[in-house]
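# Analysis of the macromolecular model
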Amino acid sequence: MKLHFLGTGSSSPTIRRGVSATAVQLDDGSVWLFDCGEGTQIQLQRSSITTNRITNIFITHLHGDHLFGLPGLLCTKSSQTPPAENIKKGNTSSVVNIYGPEGIDRFITTSLAISQSLLDFQFKIHELLPEPEQVTEECQVFEEGSRERNSPLLPNQLPGIHIRATKDSQGNASWLLRDDEFWRVEAGWVHHRVPTYGFVIRERNKPGSLNTTKLLSLGIPPGPVYGQLKAGRSVTMSDGRVVQPQEVTGLAIPGRTVVIIGDTKDASPLSHLLSGCDVIVHEATLDDTLKSKAEEFGHSTPSQAVNFAISVGAKTLLLNHFSQRYFPAQQENSKRPSVAILQEQAEAAADSTLHVQCAEDLFVFEVPNNHQDE
């Protein structure tokens, strides 16, 4: 699993740095995109990621620097997908799922409809319905009944769903987006000026290594049976013996957990979902000396991000969403501060249990595999 930071700046893109977009490349090569600020298409062309590998898109909130690039990206992806005839033949492997706050459907479909843009792949748009505490005075309050579609679906658009929060015994809210044999993806809310979410990507535990010595001692030669046992399925032999996978595999390998958080001045409402997380991507818009200004606009500083990561026991903290006032570290300017200041402040606040790093555009972080539990 790799994290590709396509844009790490805030507000608007510059020649030095793009705005929010992070691609998670899974081990099978598929890509999940988190946020899609203006210019994300250009950043993708500068990376090793291609749009035709994007299968899921997640939008943390509806500020422009996190979604203005989405309509164009969808159109570019459409130009790189197989012909529409594949859809007519029932090939639904290219369906793209888009998740975002209430209003994301209206934004996408209005943009595509007005520009008469036909997507040559099937897609679904799923909206996360906010909890009352997320709706600040600054939010646009939707009119009664606006959650119901008043227009037909666009060509190749399949019905999405409205996802409501569920609450645990402590009243903590979460939105379940995906739950299968490989992944569990949940969203939790964080404090910002509009309804904003953090996404928790939790990989399922992987089967342990096959014990070939044990397999051979049981009279099981190499072959397709090994693959079935490795996949966690029991096997009935020709003599009637049933071999269970736990008999011939080592301890399960814990899955990895990656957390990508949208803009926030306080991510604590998300904490209940983060036990055992390997990597947190958290914003650090302004340096510690500008903490009051950061909080005024719903943002965080390096020390605040570090304190949050430590509080949930994260192993690695990757910082992004830097104000464009900070030059990239490799572009030192005597008249302007650089991201090196944010890195220094984060390192000073971190303890020995946390690795912290400021990401820059096109930085790639490989999430290491976990070891077997002892």
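Higher on the page you've got the structure.
Let me sum up the structure you'll find in this document. (Residues numbered from 1 in each chain as written. Predicted model: local features only at pLDDT ≥ 70, side-chain atom pairs only at ≥ 80, totals over all residues. Heavy atoms only, no water.)

Okay, the pattern of salt bridges next. Summed over the entire model, instances satisfying the criterion amount to twelve salt bridges. Measuring nitrogen to oxygen at the nearest pair gives 2.1 Å for the salt bridge that ties R204 to D179. Here the residue R204 occupies a position in the loop between β12 (196-203) and α6 (212-217), and D179 occupies one in strand β10 (residues 173-179), the gap between them amounting to 25 residues. Assessed through its relative accessible area of 31%, R204 is described here as partly exposed. For R256, the salt bridge goes to E203, with nearest N and O atoms at 2.9 Å. Placement of the pair is R256 in the loop between α8 (245-248) and β15 (257-261) and E203 in strand β12, with a sequence separation of 53 residues. Taking relative accessible area as the criterion, E203 reaches 9% and is therefore assigned buried. One network of salt bridges, in which partners are shared, links D27, E203, K206 and R256. (Salt bridge = Lys/Arg side-chain N within 4 Å of Asp/Glu carboxyl O. Helix = DSSP H or I, 4+ residues; strand = E, 2+ residues; numbered from the N terminus. Buried < 20%, exposed > 50% of the residue type's maximum accessible area, 1.4 Å probe, protein only.)

Here we take up helix α3 (residues 70-79). Taken together, the buried positions of α3 are L70, P71, L73, L74, K77 and S78. Along α3, the residues classed as buried sweep out an arc of 165° about the axis, all on the same side. Contacts from the buried residues of α3 go to β3 (31-34), α1 (40-46), β4 (54-58), α2 (64-67), β5 (96-101) and α5 (104-114). (Arc of directions from axis to C-beta. Contact = heavy atoms within 4.5 Å.)

With that settled, consider empty space enclosed by the protein. According to the stated counting rule, one finds three cavities of 30 Å³ or more in the structure shown. When its volume is computed, the largest cavity comes out at roughly 100 Å³. Lining the largest cavity are 14 residues; nearest its centre among them are S20, D35, H66, I261 and N320. Of all the elements in the fold, those that place two or more residues in the lining of the largest cavity are β2 (21-25), β15 and β16 (279-283). Looking at side-chain class alone, the lining of the largest cavity contains five nonpolar, six polar and three charged residues. (1 Å grid on protein atoms, 1.4 Å probe; cavity = no way out; pocket = protein on both sides within 12 Å on 5 of 7 lines; lining within 4 Å. Points joined across faces, edges and corners; volume = space filled by probe spheres on them. Nonpolar A, V, L, I, M, F, W, Y, C, P; charged D, E, K, R; others polar.)

Our focus in this paragraph is the packing of helix α10 (residues 302-311) against helix α11 (residues 339-349). Where α10 meets α11, the closest approach of the two axes is 8 Å, and the angle between their N-to-C directions is 35°. Taken as a pair, α10 and α11 cross one another with a handedness that is right-handed. On α11, the residues that touch P302, S303, V306 and I310 of α10 are L342, Q345, A346 and A349. Partitioning the contact of α10 with α11 into residue classes produces six nonpolar, two polar and no charged. (Axes fitted to C-alpha atoms, helices over the stretch in contact; angles between N-to-C directions. Left-handed = near helix turned anticlockwise from the far one by under 90°.)

Not every positive phi belongs to a glycine, and D35 is a case in point at roughly 70°. Along the chain, D35 turns up in the loop between β3 and α1. In this structure, Q116 is a non-glycine residue whose phi angle is positive, near 50°. With respect to the helices, strands and loops of the structure, Q116 is situated in the loop between α5 and β6 (123-128).

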